[in-house]
Amino acid sequence: LSFFLCSLAAATAVSLPVAMAESSPAELKVIRITPQGEDVPTARQIVIEFNRAVVPIGKMDRTAEELGVILTPAAECHWRWLNTSSLACELDEKESLKRATKYTLNLDTKITAEDGGKIASAINHEFITERPTTRYTDFQTWKGPSSPSIRVVFNQPVAKSSVQKTLSFLDK
């Protein structure tokens, strides 16, 4: 009986082939892009974070053309991998994103993870930098019966023509 069991075990082991299934790499995903939203403070960096390693440590500087990234309106981005899974547009010390501006970041499917995974479809990300708001107002005097002299201070430089178009008085 033991001879029969050993023969059966040996036959079973030989008759079961080991299957090595080749699987395609999982989709590469963007998990976060900063800044995001509206009225974000002006900054000198935009960061795209992926769900896993995209590049090995080494050559970290890249061009927008290599990466398939377009920022509109354009900024003087120095594209650089911060680590193996975070890509950044870094601006010089004297530059920052423009205030009161809607930015659109387009990322095509060029970027490939180290394991071969790709972004399934192009990504479009929008954010708006800080818009002008009133910090302080002060009624000073009347220049005439319908001409008040009012001081208005904004959180950032504004054009006189823009203020004249949008400033109004409400009758309460």
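For the structure, check the block above.
Here's a quick rundown of the structure. (Residues numbered from 1 in each chain as written. Predicted model: local features only at pLDDT ≥ 70, side-chain atom pairs only at ≥ 80, totals over all residues. Heavy atoms only, no water.)

**Considering the packing of aromatic side chains**
Following the criterion strictly, the structure yields three aromatic pairs and no others. Here the aromatic rings of Phe-50 and Trp-81 are separated by 5.9 Å at their centres, their planes lie at 40°, and the arrangement is tilted. Taken together, the residues Phe-50 in strand 3 (residues 45-50) and Trp-81 in strand 6 (residues 78-81) connect sequence positions 31 residues apart. The pair formed by Phe-50 and Trp-81 is uniform in burial state, with each residue classed as buried. Taking the centre distance of 5.4 Å and the plane angle of 15° together, the rings of Tyr-103 and Phe-127 count as stacked. Note that Tyr-103 is positioned in strand 8 (residues 102-107) and Phe-127 in strand 9 (residues 123-129), a separation of 24 residues in sequence. (Phe/Tyr/Trp six-rings, centres within 6.5 Å; stacked < 30°, edge-to-face > 60°. Helix = DSSP H or I, 4+ residues; strand = E, 2+ residues; numbered from the N terminus. Buried < 20%, exposed > 50% of the residue type's maximum accessible area, 1.4 Å probe, protein only.)

**Topic: the state of the cysteines**
A full pass over the atoms with the stated rule returns one disulfide. With a sulfur-sulfur separation of 2.0 Å, Cys-77 is cross-linked through a disulfide to Cys-89. With the S-S bond torsion at -75°, the cross-link from Cys-77 to Cys-89 turns out left-handed. Taken together, the positions of Cys-77 in the loop between strand 5 (69-72) and strand 6 and Cys-89 in strand 7 (residues 86-90) put the pair 12 residues apart, joining distant regions of the chain. The same class applies to Cys-77 as to Cys-89, namely buried. (Disulfide = S-S within 2.5 Å.)

**Description of the sheet that holds strand 5**
Within the open sheet, the four strands sit side by side as 2-9-8-5. Their pairing is mixed. The strands lining the two open edges of the sheet, one partner per strand, are strand 2 (37-40) and strand 5. Each strand axis lies, on average, 20° off the axis of its neighbour in the sheet, ignoring direction. Two strands pair when backbone bridges link them, and strand 2 and strand 9 are joined in this way by two bridges, in the parallel orientation. Within strand 9, the position partnered with Gly-37 by the bridge is Phe-127. (Pairing = 2+ DSSP bridges. Axes fitted to C-alpha atoms, helices over the stretch in contact; angles between N-to-C directions.)

**Concerning the nonpolar core**
Of all hydrophobic cores here, the largest spans 26 residues; its most connected members are Ile-48, Phe-50, Trp-79, Trp-81, Leu-87 and Ile-111. The set of elements that each furnish at least two residues to this core consists of strand 3, strand 5, strand 6, strand 7 and strand 8. Residue contacts for Leu-87: discarding those within four places in its chain leaves Ile-46, Val-47, Ile-48, Phe-50, Leu-67, Trp-79, Arg-80, Trp-81 and Ile-111. (Core = buried A, V, L, I, M, F, W, Y, C linked by side-chain atoms within 4.5 Å. Contact = heavy atoms within 4.5 Å.)

**Section: unusual backbone geometry**
Of the consecutive residues Thr-34 and Pro-35, the connecting peptide bond is found in the cis state with omega at 5°. Positionally, Pro-35 belongs in the loop between strand 1 (30-34) and strand 2. That bond from Thr-72 to Pro-73 is cis: its omega, -5°, falls within 30 degrees of zero. As for its position among the elements, Pro-73 is in the loop between strand 5 and strand 6. For Asp-39, which is not glycine, the phi dihedral falls at a positive 55°. For Asp-39, the position within the fold is in strand 2. A positive phi angle is found at Ala-100, which is not glycine, with a value near 50°. According to the relative accessible area criterion, Ala-100 is partly exposed, its value standing at 41%.

**Here we look at the pattern of salt bridges**
Going through the model one piece at a time under the given rule, you end up with seven salt bridges. As a salt-bridge pair, Glu-66 and Lys-59 come within 3.6 Å of each other at their nearest N and O atoms. Judged by relative accessible area, which is 52%, Lys-59 ranks as exposed. Salt-bridge contacts for Glu-126 lead to Lys-102; the nearest nitrogen and oxygen are separated by 3.5 Å. Of this pair, Glu-126 sits in strand 9 while Lys-102 sits in strand 8; the two residues are 24 residues apart in sequence, bridging distant segments of the chain. (Salt bridge = Lys/Arg side-chain N within 4 Å of Asp/Glu carboxyl O.)

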